[in-house]
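# Chain and residue survey
What follows is each chain in one-letter form.
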Amino acid sequence: MPNGKGMIDEDKDNFIGTFWGQVSSPFCCETVESADMYVFVGAIHNDYTSCGYTTLLKEEKMIAIHENEVVICGERRYHGVLMREVLAMLASKCERQDASLVNYRRMFVPRGQPPALGNGGPLTMNVLMHHVQELLTPDMCVVAETGDSWFNGQKLKLPKGCLYEFQMQYGSIGWSVGATLGAAAALKDKRVLALIGDGSFQMTAQDVSTMVKYHLNPIILLLNNDGYVIEVEIHDGPYNEIHPWDYCGLVRSLAGKRGENCHTYLVKTEAEAEAALALAMQRDDAVNFIEVVVGRDDCTVELLEWGSRVSAANGRAPNPQ
């Protein structure tokens, strides 16, 4: 499920992606929901992870393994059993059953390339994320902000060893700037790459000052689509309009009068994005802040699908009980 991305080696032959209801990795939702039985380990089923409670999971087919409890088919509960012990026992007792994996491989068709890729023209998120994918190495850590970065990040294929930080339990907008600071400070052997929307960045931008102060070297992709686009898809209104900042200018000001330990880039085309990403990878002794300007309506199809379903769930009538 989306909360668990980065915990599983994505190079494994039996890794098929993220289960996230109707915004799952291609063919993953169909594979999971059609299975005779499913085992969920540490899963949290809420409105966000279930696309507004629209998944077709059936409790009578589910074994749910939690930290201190196991629930079988919604009827039998065993308290006081540890997840690690249950998983170790299952691994020693269960025989391999590959029917779902065979079914997935039969259905699977690889994703295509973005139509505008390679022409160097006006930038789109699909094209940008293609180049981000090409950058990823095992010695990196991706931090994905709340918003459309959720969905763009989920579609990345992480090389073995590449870490992934992602917070959706509370949908906290702006959390990733501080998380980028913490990850860059703690992970001495990893280069942090952050995907942060402009609205989110306005919540906690001052943490960049601390990154500069302590000579940290994250690459921050500021995705400027002129507003809280995820909120537009859930509940549109004038409160989703944000005041436009000079983001690169702000970050330079946080670097102080000498402008040390910080590089900024403003990109609007694919060619500019490629050049900025290449420079940022080379300049590994400072904060690299890349403001990426894209269209206001340039969002993933997953956000459109997820937003409409969560909006419907949030707008439902109160339960009379």
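Right above here is the structure, for reference.
In this report, we go over the structure that sits alongside the text. Within each chain, residue numbers correspond to sequence positions counted from 1 in written order. Thresholds applied to this predicted model are a pLDDT of at least 70 for local features of residues and 80 or more for the giving and counting of side-chain atom pairs; totals over whole chains, interfaces and linings are not thresholded and use all residues. Hydrogens and water molecules were not included; the side-chain quantities draw on all heavy atoms of the structure.

## A few points about the overall build of the protein chain
Numbered from the N terminus, helices here are DSSP runs of H or I no shorter than four residues, and strands are runs of E no shorter than two. Along its length, the protein chain carries 12 helices and 10 strands. Its C-alpha atoms give the protein chain a radius of gyration of 21 Å, near enough to 20 Å, the size a compact globule of 321 residues would have. Along the longest, intermediate and shortest principal axes, the C-alpha atoms of the protein chain span 65 × 45 × 40 Å. Three exposure classes are used, based on accessible area relative to the maximum for each residue type with a 1.4 Å probe and protein chains only: buried under 20%, partly exposed in between, and exposed over 50%. Out of the 321 residues in the protein chain, the part that is buried amounts to 46%. Within the protein chain, residue pairs in contact and separated by at least 24 positions form 69% of the contacts whose partners lie at least 6 positions apart. In this tally Asp and Glu are treated as negative and Lys and Arg as positive; neither His nor the chain ends contributes. Working definition for charges: the position is that of NZ of Lys, CZ of Arg, CG of Asp or CD of Glu. Of note, the protein chain has its 27 positive side-chain charges centred 5 Å away from the centre of its 41 negative side-chain charges. The globule rule used here is 2.2 Å times the number of residues to the 0.38 power, and the radius of gyration it is set against is calculated over C-alpha atoms. In this analysis, two residues are considered to be in contact whenever any of their non-hydrogen atoms come within 4.5 Å of each other.

## Comments concerning the packing of helix H4 (residues 125-135) against helix H11 (residues 270-282)
Where H4 meets H11, the axes come as close as 10 Å, and the angle between the chain directions of the two elements is 25 degrees. When the axis of H4 is compared with that of H11, the two are roughly parallel. Considering the relative orientation of H4 and H11, their crossing is right-handed. For the pair formed by H4 and H11, the contact residues are Val127, Leu128, His131 and Leu135 on the first element and Glu270, Ala273, Glu274, Leu277 and Met281 on the second. Under the grouping applied here, Gly and all other residues not named as nonpolar or charged are polar, the nonpolar ones being Ala, Val, Leu, Ile, Met, Phe, Trp, Tyr, Cys and Pro and the charged ones Asp, Glu, Lys and Arg. Taken together, the residues that form the contact of H4 with H11 break down as 6 nonpolar, 1 polar and 2 charged. Note on geometry: axes are C-alpha line fits, over the in-contact stretch for helices, and angles between N-to-C directions span 0 to 180 degrees. Angles are sorted into four bins: roughly parallel if under 35 degrees, roughly antiparallel if over 145, roughly perpendicular if 65 to 115, and oblique for all others. Handedness of a crossing is defined here by the sense of rotation of the near helix relative to the far one, left-handed for an anticlockwise turn of less than a right angle and right-handed for a clockwise turn.

## Here's the deal with the pattern of salt bridges
Whenever a carboxyl oxygen of Asp or Glu lies within 4 Å of a side-chain nitrogen of Lys or Arg, that contact is scored as a salt bridge. Under the definition given, this model contains 7 salt bridges. Asp11 is the partner of Lys157 in a salt bridge, and the nearest nitrogen-oxygen pair spans 2.7 Å. Within this pair, whereas Lys157 is found in the loop between helix H5 (148-154) and strand S6 (163-166), its partner Asp11 is found in the segment before helix H1 (28-33), the two being separated by 146 residues in sequence. Assessed through its relative accessible area of 42%, Lys157 is described here as partly exposed. You can call Asp11 partly exposed: its relative accessible area is 42%. With its nearest N and O atoms 3.1 Å apart, the salt bridge here joins Glu302 to Lys155. Of this pair, Glu302 sits in helix H12 (residues 301-314) while Lys155 sits in the loop between H5 and S6, placing them 147 residues apart in sequence.

## Quick word on the nonpolar core
The biggest cluster of nonpolar side chains holds 41 residues, and the ones touching the most others in it are Trp20, Leu128, Leu221, Ile290, Val292 and Trp306. The residues contacting Val292, other than those within four sequence positions of it, are Leu123, Leu128, Leu221, Leu222, Leu223, Asn224 and Val267. Residue types Ala, Val, Leu, Ile, Met, Phe, Trp, Tyr and Cys, when buried and joined through side-chain atoms within 4.5 Å, form a set referred to as a nonpolar core. Of all hydrophobic cores here, the second largest spans 26 residues; its members include Val143, Ala183, Val212 and Ile242.

## Points about the sheet that holds strand S2 (residues 62-65)
Read across the sheet, 4 strands follow the order S1-S2-S3-S4 without closing on themselves; strand pairing throughout is mixed. Two strands lie at the open edges of the sheet, namely strand S1 (38-41) and strand S4 (76-79), each paired on one side alone. When the angles between neighbouring strand axes are averaged without regard to direction, this sheet yields 10 degrees. Sheet topology places S2 next to strand S3 (residues 69-72); 3 bridges connect them, and they run antiparallel. Residue Ala64 lies in a different strand from S3, and its bridge partner there is Val71. At least two bridges found by DSSP between two strands are what make those strands a pair.

## Looking at the sheet that holds strand S10 (residues 287-293)
Taking strand neighbours across the sheet as the criterion, the 6 strands line up as S6-S5-S7-S8-S10-S9 in an open arrangement whose pairing is parallel. Every interior strand has two partners, whereas the edge strands, S6 and strand S9 (262-267), have only one. Neighbouring strand axes in the sheet, compared pairwise and without regard to direction, differ in orientation by 15 degrees on average. The pairing of strand S7 (residues 191-197) with strand S8 (residues 219-224) spans 5 bridges and is classified as parallel. Counterpart to Ile196 in the pairing with S8 is Leu222. On top of the sheet, H11 reaches strand S5 (140-144), S7, S8, S9 and S10; it is set at about 165 degrees to S9, its chief contact.

## Considering the packing of aromatic side chains
Centres within 6.5 Å make a pair out of two Phe, Tyr or Trp rings, where for Trp the six-membered ring is used; the pair is then stacked when the planes are under 30 degrees apart, edge-to-face when over 60, and tilted otherwise. All told, the structure shown has 17 aromatic pairs when counted by the stated rule. On the numbers, 5.4 Å between centres and 35 degrees between planes, the contact of Tyr104 with Phe108 is tilted. Judged by its relative accessible area of 10%, Tyr104 falls in the buried class.

No statement about biological role is implied by the geometric values presented.
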